[in-house]
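The residues making up each chain are set out below.
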Amino acid sequence: MENDKQEYINEETQSDIKQLYKHAEIANQEMSIIKVDIAGIKGDLEWLKKAFWLIASASIGSLITGLLSLLWK
């Protein structure tokens, strides 16, 4: 009787382990898809970096020009 209980516990544990491996495999597949999607988004944001530096440099340039014009008047 005790041996039957242990065998049942072992079978349940084995089925749980198999199920966990299946879940881990699915999670790994989904993570690889997410990595590819994030790489695409990262590439799409390059224009934003360029626009930021363009606007920032123009703003700093106009600020310096404004300060210099105030000093020379």
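Nothing here was measured: the structure is a model prediction, and the numbers come from that model.

Chemist: An account of the overall build of the protein is requested, with residue identities and associated values reported.
Modeler: Along the backbone of the protein there are two helices and zero strands. Taking 11 Å as the expected radius of gyration for a compact globule of 73 residues, we find that the protein reaches 31 Å, considerably beyond that expectation. With the C-alpha coordinates aligned to their principal axes, the bounding extent of the protein is approximately 105 × 25 × 5 Å. Buried positions account for 1% of the 73 residues belonging to the protein. As displayed, the protein offers around 7100 Å² of accessible surface, 67% of which is attributable to carbon and sulfur atoms. Of the side-chain charges in the protein, 8 are positive and 11 negative, and the distance between the mean point of each set is 21 Å.

Chemist: I'd love a proper account of a nonpolar patch on the surface, names of residues and values included.
Modeler: Together, Ile60, Ile64, Leu68, Leu71 and Trp72 line one region of the surface with nonpolar side chains, adding up to about 610 Å² of accessible area. By secondary structure assignment, the location of Trp72 is in helix H2 (residues 46-72). For Trp72, a relative accessible area of 73% translates into the label exposed.

Chemist: So what about the environment of Ile38? Which residues, and what values?
Modeler: In this fold, Ile38 is placed in helix H1 (residues 2-44). Given the relative accessible area of 52%, Ile38 is considered exposed. Linking Ile38 and Asn28, residues ten residues apart in sequence, is a C-alpha distance of 15 Å.

Reading the values: rules and limits
Residues numbered from 1 in each chain as written. Predicted model: local features only at pLDDT ≥ 70, side-chain atom pairs only at ≥ 80, totals over all residues. Heavy atoms only, no water. Helix = DSSP H or I, 4+ residues; strand = E, 2+ residues; numbered from the N terminus. Rg over C-alpha atoms; globule rule 2.2 N^0.38 Å. Buried < 20%, exposed > 50% of the residue type's maximum accessible area, 1.4 Å probe, protein only. Areas by Shrake-Rupley, 256 points an atom, 1.4 Å probe, with all protein chains shown as cover. Lys, Arg positive; Asp, Glu negative; His and termini not counted. Charge placed at Lys NZ, Arg CZ, Asp CG, Glu CD. Patch = residues over 30% accessible without salt bridge, like charges linked within 9 Å, V, L, I, M, F, W, Y side chains within 5 Å. Salt bridge = Lys/Arg side-chain N within 4 Å of Asp/Glu carboxyl O.

Don't take any of this as a statement about function, it's just geometry.
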